[in-house]
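# Observations on the model geometry
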Amino acid sequence: MKNLLIALLLVISINVLAQSFEGTMVWSMKMEITDPAKKAQMEDAQKMMQDPEKIKEMEKQMADPKMQEMMAQNPQMKAQMEKMLEMMKSGGGNLMPTGMTVKFKNGSSLSRLDGSFIDSDFLYSKEKNQTYMIDRKNKTYSVTKHADTLSLKATEAKVTKTSETTKILNYTCTKYLVEYTLNGKAIAQNVWATKEIKGLDLSAMANQQMGGNSRMAFLKQIDGVPLRVEMNMPDGTMLMEAKQIKRESVPASDFIIPSDYKEVKSAF
């Protein structure tokens, strides 16, 4: 579960990379826990979310004065607990995201996960070279760590460009094999990337964004922008694929944190 969430953050970091492209990309996401023990834990958690008694327990817990005080001091925790309770009342929902929508403008990006209890936006500001996690419901934001500064123990990745190609959204994509270890566990990725989207070029931007860090240096060896990422790890798998790429005008205000939002401690 933890490695899948870390993988998700790394994928989000890929999507903050843009040059002159302005518009929107929509992704589908599918995550599956394959480790028997962890899969059982996830299934138990899903069942718990549909248990009326557990809903009552959570409502009682959130109404406790001490918990109210803790939530007041940590708006992000409050928002996540409220989102979780809302999902439980509606029949369980999804613990993991089912998709992501990314907006681009002037080198900045705004990412939002779909179908998950993580009810926040991720804003990358090119001007400040910084990523923020924004909770619009509670009008708060936090400064997040770049993917290359996450507390990870990773080996340098081996990247192999293959001759295999496929069409995704009518763009010709080349398959790259990426292999490395993350926190002692073997990770294998199939990355399908295209060079046919003007204004998006992962290899040209990786140096600037990732600072040459070995954990993410493999991005510099991928020519173009990924439109499909297939990740296999001991705990589970993740499949992420672009479903729509639309060039359009995006409001500049979408990439500015409102002045009345309060900064809080980062959850990541």
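Everything that follows concerns the structure shown earlier in this document.
Residues numbered from 1 in each chain as written. Predicted model: local features only at pLDDT ≥ 70, side-chain atom pairs only at ≥ 80, totals over all residues. Heavy atoms only, no water.

## Topic: the overall build of the chain
Helix and strand counts for the chain stand at 6 helices and 12 strands. A total of 268 residues make up the chain; the buried ones form 47% of that total. When contacts within the chain are restricted to residue pairs at least 6 apart in sequence, those whose partners lie at least 24 apart make up 64%. Surface accessibility of the chain: about 13,500 Å² in total, with carbon and sulfur atoms responsible for 50%. (Helix = DSSP H or I, 4+ residues; strand = E, 2+ residues; numbered from the N terminus. Buried < 20%, exposed > 50% of the residue type's maximum accessible area, 1.4 Å probe, protein only. Contact = heavy atoms within 4.5 Å. Areas by Shrake-Rupley, 256 points an atom, 1.4 Å probe, with all protein chains shown as cover.)

## Observations regarding the side chain of Asp-121
Tracing the backbone shows Asp-121 in strand S4 (residues 121-125). With relative accessibility at 5%, the residue Asp-121 sits in the buried group. Side chain to side chain, Asp-121 and Arg-136 meet in a polar contact 2.6 Å long. With residues up to four places along the chain from it excluded, the contact list for Asp-121 reads Leu-110, Ser-111, Arg-112, Tyr-132, Met-133, Ile-134 and Arg-136. (Polar contact = N/O pair within 3.5 Å; in protein donor to acceptor, adjacent residues only side chain to side chain.)

## Things to note about the packing of aromatic side chains
Across all of its chains, the model carries 2 aromatic pairs by this definition. Measuring from ring centre to ring centre gives 5.7 Å for Phe-21 and Phe-104, while their planes differ by 80 degrees; the resulting arrangement is edge-to-face. With Phe-21 in the loop between helix H1 (2-14) and strand S1 (23-33) and Phe-104 in strand S2 (residues 99-105), the pair connects residues that are 83 residues apart, well separated along the chain. Under the relative-accessibility criterion, Phe-21 is labelled buried at 0%. You can call Phe-104 buried: its relative accessible area is 1%. Pairing Tyr-132 with Tyr-141 gives two aromatic rings, centres 6.1 Å apart and planes at 70 degrees, and the pair type is edge-to-face. Looking at Tyr-141, the relative accessible area reads 17%, which means it is buried. We note Arg-228 situated over the ring of Trp-192; from NZ or CZ to the ring centre the distance is 5.8 Å. (Phe/Tyr/Trp six-rings, centres within 6.5 Å; stacked < 30°, edge-to-face > 60°. Lys NZ or Arg CZ within 6 Å of the ring centre and 35° of its normal.)

## Some details on the pattern of salt bridges
Tallied over the full model, the rule gives 12 salt bridges. Among the salt bridges present, the one from Asp-254 reaches Lys-103, with a minimum N-O distance of 3.1 Å. Taken together, the positions of Asp-254 in the loop between strand S11 (236-247) and strand S12 (262-263) and Lys-103 in strand S2 put the pair 151 residues apart, joining distant regions of the chain. Asp-235 is the partner of Lys-185 in a salt bridge, and the nearest nitrogen-oxygen pair spans 3.2 Å. (Salt bridge = Lys/Arg side-chain N within 4 Å of Asp/Glu carboxyl O.)

## Points about the nonpolar core
Generally speaking, nonpolar side chains in soluble globular proteins are found buried as a group. Counting residues in hydrophobic clusters, the biggest one holds 35 residues, and the most contacted among them are Met-25 and Leu-227. For this core, the elements supplying multiple residues, two or more each, are S1, S2, strand S7 (158-168), strand S8 (171-182), strand S9 (185-194), strand S10 (225-232) and S11. Core analysis: the next-biggest nonpolar cluster, separate from the first, contains 9 residues, Tyr-132, Tyr-141, Val-250 and Phe-255 among them. (Core = buried A, V, L, I, M, F, W, Y, C linked by side-chain atoms within 4.5 Å.)

## Section: the sheet that holds S8
Read from one edge to the other, the open sheet built from 12 strands follows the order S7-S8-S9-S10-S11-S1-S2-S3-S4-S5-S6-S12, with strand pairing classed as mixed. This sheet does not close on itself; its edge strands, each paired only once, are S7 and S12. With 7 bridges joining them, S9 and S10 adopt antiparallel strand pairing. For Thr-194, the partnering residue across the bridge sits in S10 and is Val-225. (Pairing = 2+ DSSP bridges.)

## Things to note about the pairing of S11
Taken together, the 11 bridges between S1 and S11 define a ladder with antiparallel strand orientation. Among the inter-strand pairings, Ser-28 is bridged to a residue of S11, identified as Glu-241. Pairing of S10 with S11, which is carried by 5 bridges, proceeds in the antiparallel orientation. For Arg-228, the partnering residue across the bridge sits in S11 and is Glu-241.

## Description of unusual backbone geometry
Phi at Asn-129 takes a positive value of approximately 50 degrees, unusual for a residue other than glycine. By the secondary structure assignment, Asn-129 is in the loop between S4 and strand S5 (130-135). Backbone geometry places Asn-170, a non-glycine residue, at a positive phi of 70 degrees. With respect to the element layout, Asn-170 can be found in the loop between S7 and S8.

## Quick word on the pairing of S4
In the case of a regular strand, side chains alternate between the two sheet surfaces. With respect to burial, S4 is a largely interior element, 5 of its 5 residues being buried. In this structure, strand S3 (residues 108-114) lies alongside S4, joined through 4 bridges in antiparallel fashion. Each bridged residue has a counterpart across the sheet, and for Ser-111 the counterpart in S4 is Phe-122. The pairing of S4 with S5 spans 5 bridges and is classified as antiparallel. From the neighbouring strand, Leu-123 faces S5, where its bridge partner is Tyr-132. Between S4 and S5, which pair antiparallel in sequence order, lie 4 residues; one of them, Asn-129, sits at a positive phi of approximately 50 degrees.

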